[in-house]
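Examining the three-dimensional arrangement
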Amino acid sequence: MRSSYWRRLLADRMATAAAAAAAVLVIAPLVAVFGYLVYRGASSITWAFLTQAPKPVGESGGGMGNAIAGSGIILLIASAIGVPLGIGAGIYLAEYGRRGFGNFIRFTADVLNGVPSIVVGIAVYALVVVVQHHFSAVSAGIALGIMMIPTVTRSTEEVLLMVPNSIREAGLGLGIPRWRTTVSIVLRSAISGVITGVMLAFARVAGETAPLLFTAFGNQYWNWNPNQPTAALPLQIFVYAISPYDEWHRQAWAGALVLIILIVGTVGMVRLAASRGLLKGTS
Amino acid sequence: MGVGIEARRLNAWFGSHQALFDVSMDMAANHVTAIIGPSGCGKSTFIRCLNRMHETVPGARVEGTVRLGELQVYNGTPAVEVRRRIGMVFQKPNPFPTMSIYDNVAAGLKLNGLRNRRQLDEIVERTLRLAALWDEVKDQLRKQSGASLSGGQQQRLCIARALAVEPEVLLMDEPASALDPISTGKIEELIFQLKASYTVVIVTHNMQQAARVADLTGFFLLGRLIEFERTQKIFTTPSDKRTEDYITGRFG
Amino acid sequence: MSEPALPVGQSGIRLSVVPGLKRKPPRSSRAADVVFRYGMLLCALSLLAVVGLIAAQLVLHSRLSLQQFGWKFFTSESWDPVSGDFGALPFIYGTLVSSFLALALAVPLSVGVAVFITEMCPRVLRAPLSFAVELLAAIPSVIYGLWAIFVLAPILRVQVEPWLAQRFGWTGLFEGPPYGIGMLAAGVILAIMIVPIIASITREVLTAVPQNQREAALSLGATRWEMIRVGVLRNARTGIVGAVILGLGRALGETMAVTMVIGNVPNISRSLLAPGYTLASVIANEFTEATGNLYLSALIEIGLALFLITIMVNMLARLLVWSTTRGVPARVHAQ
């Protein structure tokens, strides 16, 4: 039995080493990607970069100001669609849909969540762009908004379910109508969790590019009209990255750094606040 | 044959909270020792210190010595070795649900490197007979999962599994408290038979059970061993007033 | 019916008069309740409507291509916009190869890091490590693509691929010039992207294994690794398979990063160093330039195929994961 003991101990040590190695290999790209973004992009983030539209090909300078603004418009439209519908659906599932039909909706949310973003883009193209005969920030907002709904729905439902039933009963027992109880008492006590879900959904769609390819389409100039083709930050990064111009590559890195700061900043803040217990709600 | 197990000045902590204070106890070979006391008195913590399960809790700490015959349980002996020689049965039966009955019993053996089919078969049958489960499961050994048995059967399966690796001591942490009276009776009968070959230490909150199965009984209160006597004496003429209060039901 | 002497609250409990509490007449608040409930129902139905609309549009607009090519569409290798002959086989091949290559790389790493975080690492490291893994999930696809073009591909081209061709060329998997860009690059960047989802679900599944299983294994004298193998991984098998399939589902639909490094050539080649094309990439690259209804319809039919494949894969995955945990947490959806 002696030799087998040492063999078993060796197996144990090797397994630990392998798992630790896996952890290192998984974290390495994170460090590499962030590192490179900062290394290649930091120096190009100037005020000009953030506020100017692109210069014609061949000229240096200019920036992604229009893309940042365009993303802003698109995400605003997306949130206007995704957040209310998502929260509403989440409320329905938590408060009214505990059985069969609710399960069907939940299943549908999972289905929608798994649809590749490019397929959503195709559908919105067919439904909106073709009908309008032009690309627009509105169609892009619709596509991204649609993608936000399942995430917001599921996280809202989860958070609402964590509110103890006694709170609902307290509200009803005071004679407050059910709808009012749900909104002013239950939802309010879970609001921080709901906001978390919304922010995470927002962060996810903020980086989406594929659906924008045939909805927003992109624009080299400033455009404040949501009914026209609009630039968007991820889209601009993509176009620049696959272009043959070094100048555009440089700007792609800078744009990517701006995008990642916004997204990871959002996610990071949310996680940090959650871990500090700031987002547990008042149950 | 069983070997006696001896604890000397055992102290145990959960983080900064001390759960055992200077416990010294001799659990004699081939005898059944029962450990009784109210909830939270440290009885489970105590036996978990005997087979070094206590230290698997993060922040847990043990001081003192435990001796199994010649072997020092702490102080240099690998925990893996200790746990093979001091087996444990838990309050809630925990067979491996993804394994058949046969594989459950053989699990410990396979871990220790035993692969010979004939030997495994033999040990599985022997321990299942010892656990009084053989007749009930012998036709379904490989086809039924360990978790598909009834509660009482599952616990006997866990006992067989623990015995398969040939420990010298068997620790039982309230083994029948999750079971119905008939299964409890079978387990108690089993304990009586096991002591011929093993040293048994059983934690129980049921005093009648202690009176039925144990030769020796220790009474714990708030992490201390208050009294340790032959079972008969402790239940008829306890020396300490606290023991008497507990036994007569004034608290706990 | 006479009015009750005391006002009755929503739940039917009689209330004493509470000063300051506005009491609405029961009738209008009941109406408001109904309106509210149907309002929320409408929001929930929007999910159904959206999925239905997407499916309908995909089917509708791929009709042309479906009628023209039938099943041949999925077995034909030719993709010729000029002559109007469209076959999706190269893209199916590219999608499958890149996704399974990604799985082969990602699964051991994901399970490894999940086991490390839940069973092995010092407690202080747990939070930062899991946060880091979640951060990986937050990086958008286009940024992974950017990094892959300018950092990963050169490394592959200069160091990794020549080495692979030299050492393992005999397998026939590493023929042809090392471009850096190609199937291998796509597989690697996909692997990096799906590790977070597989790892986080695996972690959930491992954590769901009851503690008494671990204790059972330890009490038999198992080493820590043996305890993990026998008491944890075995119990979590089904859920881990589910996590892997979810990762597969993600890989199949991934567009941007793959498009940027796979080479976008509709070839079927045994070599991993060769460029390829995936279902999602061809749509991304050629949709806005598709001339003619047949071309567009063919692309949309590819989209329909992608839609159906990912739905089935995801359904299978969630079935497996739900059987071991109480369900896929909403948090995971943020990826």
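Conventions we followed
- Every chain is numbered on its own, with residues counted from 1 as its sequence reads.
- Just so you know, chain letters begin at A and ligand numbers begin at 1, following the order they were written in.
- Note on the predicted model: pLDDT of at least 70 is required for a residue's local features to be given, and 80 or more for side-chain atom pairs to be given and counted; whole-chain, interface and lining totals, by contrast, use all residues.
- For the purposes of this entry, the term helix denotes a DSSP run of H or I that reaches at least four residues, the term strand denotes a run of E that reaches at least two, and both are numbered from the N terminus.
- The atom set for the radius of gyration is the C-alpha atoms, and the globule formula is 2.2 Å times the number of residues raised to the power 0.38.
- Counting other C-beta atoms within 10 Å of a residue's C-beta gives its exposure: the residue is buried at 20 or more, exposed at 12 or fewer, and partly exposed in between, where C-beta atoms are placed from the backbone.
- Any two residues are considered in contact once their C-beta atoms, placed from the backbone, lie within 7 Å.
- In this classification, Asp, Glu, Lys and Arg are treated as charged, Ala, Val, Leu, Ile, Met, Phe, Trp, Tyr, Cys and Pro as nonpolar, and every other residue, Gly included, as polar.
- A pair of strands is treated as paired once DSSP finds two or more bridges between them.
- Throughout, an axis means a line fitted to C-alpha atoms (over the contacting stretch in the case of helices), and angles, computed between N-to-C directions, take values from 0 to 180 degrees.
- We call two directions roughly parallel when the angle between them is under 35 degrees, roughly antiparallel when it is over 145, roughly perpendicular when it lies between 65 and 115, and oblique otherwise.
- For any helix crossing, the convention is left-handed if the near helix is rotated counterclockwise from the far helix by under a right angle, and right-handed if that rotation is clockwise.
- By our criterion, buried Ala, Val, Leu, Ile, Met, Phe, Trp, Tyr and Cys residues that link up through C-beta atoms within 7 Å make up a nonpolar core.
- Each domain's extent is set by a domain assignment, obtained either automatically or from a database.

Within chain B, the regular secondary structure consists of 10 helices and 10 strands. Taken over C-alpha atoms, the radius of gyration comes to 18 Å for chain B, in line with the 18 Å a tight globule of 252 residues would show. For chain B, the spread of C-alpha atoms along the three principal axes comes to 55 × 40 × 30 Å. Counting every position in chain B, which comprises 252 residues, the buried fraction comes to 49%. Of the contacts made within chain B by residues no fewer than 6 positions apart, 69% connect residues no fewer than 24 positions apart.

Contacts between the two partners involve 85 residues from chain A, matched on the other side by 83 residues from chain C. Here the side of chain A that touches chain C gets 19 residues from one element, more than from any other, and that element is helix H1 (residues 2-41) of chain A. Residues belonging to the side of chain A that touches chain C are distributed by class as follows: 61 nonpolar, 16 polar and 8 charged.

Before going further, it helps to spend a moment on the environment of Ile5 of chain B. Residue and element names in this part refer to chain B. Position of Ile5 among the secondary structure elements: in strand S1 (residues 5-14). Of the residues examined, Ile5 has 27 C-beta atoms within 10 Å and is grouped as buried. Distance from Ile5 to Gly69, taken between C-alpha atoms, is 6.5 Å for residues 64 residues apart in sequence. Sequence-distant contacts of Ile5, defined by excluding residues within four places in its chain, comprise Met27, Leu50, Val66, Leu68, Val169 and Thr199.

Here we come to the sheet that holds strand S5 (residues 71-72) of chain B. A sheet is described by the order of its strands in space; here 4 strands give the open sequence S2-S1-S4-S5 (chain B), paired in antiparallel fashion. Edge positions in the open sheet fall to strand S2 (17-27) and S5 of chain B, since each of these has one partner strand only.

Now for the pairing of strand S3 (residues 32-36) of chain B. Look at any regular strand and the pattern is simple: side chains alternate between the two faces of the sheet. Residues and elements named next belong to chain B. For S3, the tally of buried residues reaches 5 of 5 residues, placing the bulk of the element in the interior. Side chains Val32, Ala34 and Ile36 of S3 all project onto a buried face; the interleaved residues Thr33 and Ile35 project onto the opposite face, where all are buried too. Relative to strand S8 (residues 199-203), S3 runs parallel, the two being bridged by 4 bridges. Looking at S8, one finds that Thr33 is bridged to Val201. In this sheet, strand S9 (residues 216-221) lies alongside S3 in parallel orientation, the contact comprising 4 bridges. Paired with Ala34 across the bridge in S9 is Thr217.

Residue and element names in this part refer to chain B. Spatial strand order, S6-S7-S8-S3-S9-S10: 6 strands in an open sheet with mixed pairing. Of all the strands in the sheet, just strand S6 (86-89) and strand S10 (224-230) have a single pairing partner and so form its edges. Pairs of neighbouring strands in the sheet enclose a mean axial angle of 20°, with direction left out of account. Where S6 lies against strand S7 (residues 169-173), 4 bridges are found, and the strand directions are parallel.

All names here are of chain A. Taken N-terminus to C-terminus, the directions of helix H6 (residues 137-162) and helix H9 (residues 191-206) make an angle of 155°; their axes are 8 Å apart at the nearest point. With respect to each other, H6 and H9 are oriented roughly antiparallel. In this structure, H6 crosses over H9, and the sense of that crossing is right-handed. The segment H6 lies against H9, with Leu144, Met147, Met148, Thr151, Val152, Ser155, Thr156 and Val159 engaging Gly193, Val194, Thr196, Gly197, Val198, Leu200, Ala201, Arg204 and Val205. Of the residues belonging to the contact of H6 with H9, the class tally is 10 nonpolar, 6 polar and 1 charged.

So, about the packing of helix H4 (residues 117-130) of chain B against helix H6 (residues 151-164) of chain B. Residue and element names in this part refer to chain B. Between H4 and H6, the shortest axis-to-axis distance is 8 Å and the interhelical angle comes to 130°. Considering their axes alone, H4 and H6 lie oblique with respect to each other. Classified by chirality, the crossing of H6 by H4 is right-handed. Residue-level contacts link Ile123, Val124, Thr127, Leu128 and Leu130 of H4 to Ala160, Leu163 and Ala164 of H6.

On to the nonpolar core. Counting 283 residues, the largest nonpolar core has Ala148, Ala185, Ile189 and Val261 of chain C as its most contacted members. At 18 residues, the largest contribution of residues to this core is made by helix H5 (residues 183-208) of chain C. In terms of domain composition, this core takes at least three residues from each of domain 1 (2-44) and domain 2 (67-231 + 270-275) of chain A. Not counting residues within four places of it along the chain, the set of residues in contact with Ile189 of chain C comprises Tyr144, Ala148, Leu152, Ala257 and Val261 of chain C.

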